[in-house]
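Below are the chains, spelled out letter by letter.
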Amino acid sequence: MHGTRFHCLIHPTAVIDSSARLEAGVEVGPFVVIGPDVEIGAGTRVGPHAVIRGPTRIGRDNRIFQFASVGEDPQDKKYGGESTHLEIGDRNQIREFATLHRGTVQDQGVTRIGSDNLFMAYTHVAHDCRIGDQVIMANAASLGGHVQVHDWAILGGFTIVHQFCRIGAHSFCAMGSVLSKDVPPYVTVSGQPAEPHGINAEGLRRRGFPDETIQVIKRAYRTLYLANLKLAEAVSELRAMAESVPEITRLADFIDDSTRSIVR
């Protein structure tokens with residue numbers, strides 16, 4: 001790899017539009033294609049044969065592996081060539097053959113991805129999705145349009161998520177899960193269709209949640225799923241728990257905001 005562009009390291013076979021903006025330290029591998037209206041932050045590395053189309057904004061220190069497709073037109077028959085966007089934060093890993101698409105004007109016109117996420121091989125982030133920070137999507141996990149995935153969620157391999165669903169913070173979707181409803185924070189789900197199977201206790205421990213807090217989250221799960229309460233009654237109980245353990249507020253707020261209902 002040789003050649004420079006604004007103190008970048010660019011392979012001579014790469015095709016980069018003259019309007020693309022690459023900050024210092026960007027590396028671009030062989031046969032990469034970077035289209036117009038693309039911005040790539042300092043320290044980002046783009047592997048061989050990757051394609052990046054704009055309008056797309058990519059932050060610092062990301063790694064985009066070979067054959068990834070970033071910023072392509074949305075797979076939506078309503079899309080008519082409008083100028084829509086993809087925004088990516090910092091320190092993400094976008095592995096082989098992953099596909100991350102721009103938004104549509106039927107939503108906010110932008111797909112937003114946070115920082116420190118891992119998109120394994122063949123994962124798909126459709127138009128208008130919102131991805132938080134520290135999310136892991138294992139191989140071939142796929143999101144329909146308008147999906148929200150909150151911080152620290154993990155989607156196992158071949159997980160499929162229906163349009164407009166939300167995946168709550170610190171939740172865990174086992175391999176092959178099929179989701180057509182929202183997954184609340186902290187909850188583990190699996191199956192086709194997905195069903196709840198306790199909380200993601202091990203993940204919470206790894207992230208430093210105190211044992212006392214995890215025990216209350218377990219109690220909140222039992223209230224929500226095992227106490228034979230109506231959903232509104234369960235949420236009322238969760239609000240009472242949240243007075244002493246603020247982490248439960250996230251769970252109650254998530255349920256109140258649900259439009260597709262929750263996995264239950």
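Criteria and cut-off values
- Residues numbered from 1 in each chain as written.
- Predicted model: local features only at pLDDT ≥ 70, side-chain atom pairs only at ≥ 80, totals over all residues.
- Heavy atoms only, no water.
- Helix = DSSP H or I, 4+ residues; strand = E, 2+ residues; numbered from the N terminus.
- Buried < 20%, exposed > 50% of the residue type's maximum accessible area, 1.4 Å probe, protein only.
- Contact = heavy atoms within 4.5 Å.
- pLDDT = per-residue confidence, 0-100.
- Pairing = 2+ DSSP bridges.

## Some thoughts on the side chain of R130
Inspection of the secondary structure assignment puts R130 in strand β18 (residues 130–131). We classify R130 as buried; its relative accessible area is 17%. Non-local contacts of R130, meaning those with residues more than four positions away in its chain, are made with D107, Q108, V110, T111, R112, V147, Q148 and V149.

## Here's the deal with the confidence of the model for the chain
Detailed conclusions should not be drawn from predicted coordinates in areas where pLDDT is low. In this model, the chain carries a mean pLDDT of 96, and residues with pLDDT of at least 70 account for 98%. Of all the helices and strands in the chain, strand β1 (residues 9–10) carries the lowest mean pLDDT, 94, while strand β16 (residues 118–119) carries the highest, 99.

## Considering the sheet that holds strand β3 (residues 21–22)
Here we have eight strands laid out as an open sheet, ordered β3-β6-β9-β12-β15-β18-β21-β24, and parallel in their pairing. At either margin of the open sheet sits one strand with a lone partner, and together these are β3 and β24 (166–167). Strand direction decides the pairing type here: strand β6 (residues 38–40) and strand β9 (residues 56–58), joined by three bridges, are parallel. Residue pairing across strands places I40 opposite I58, the latter belonging to β9.

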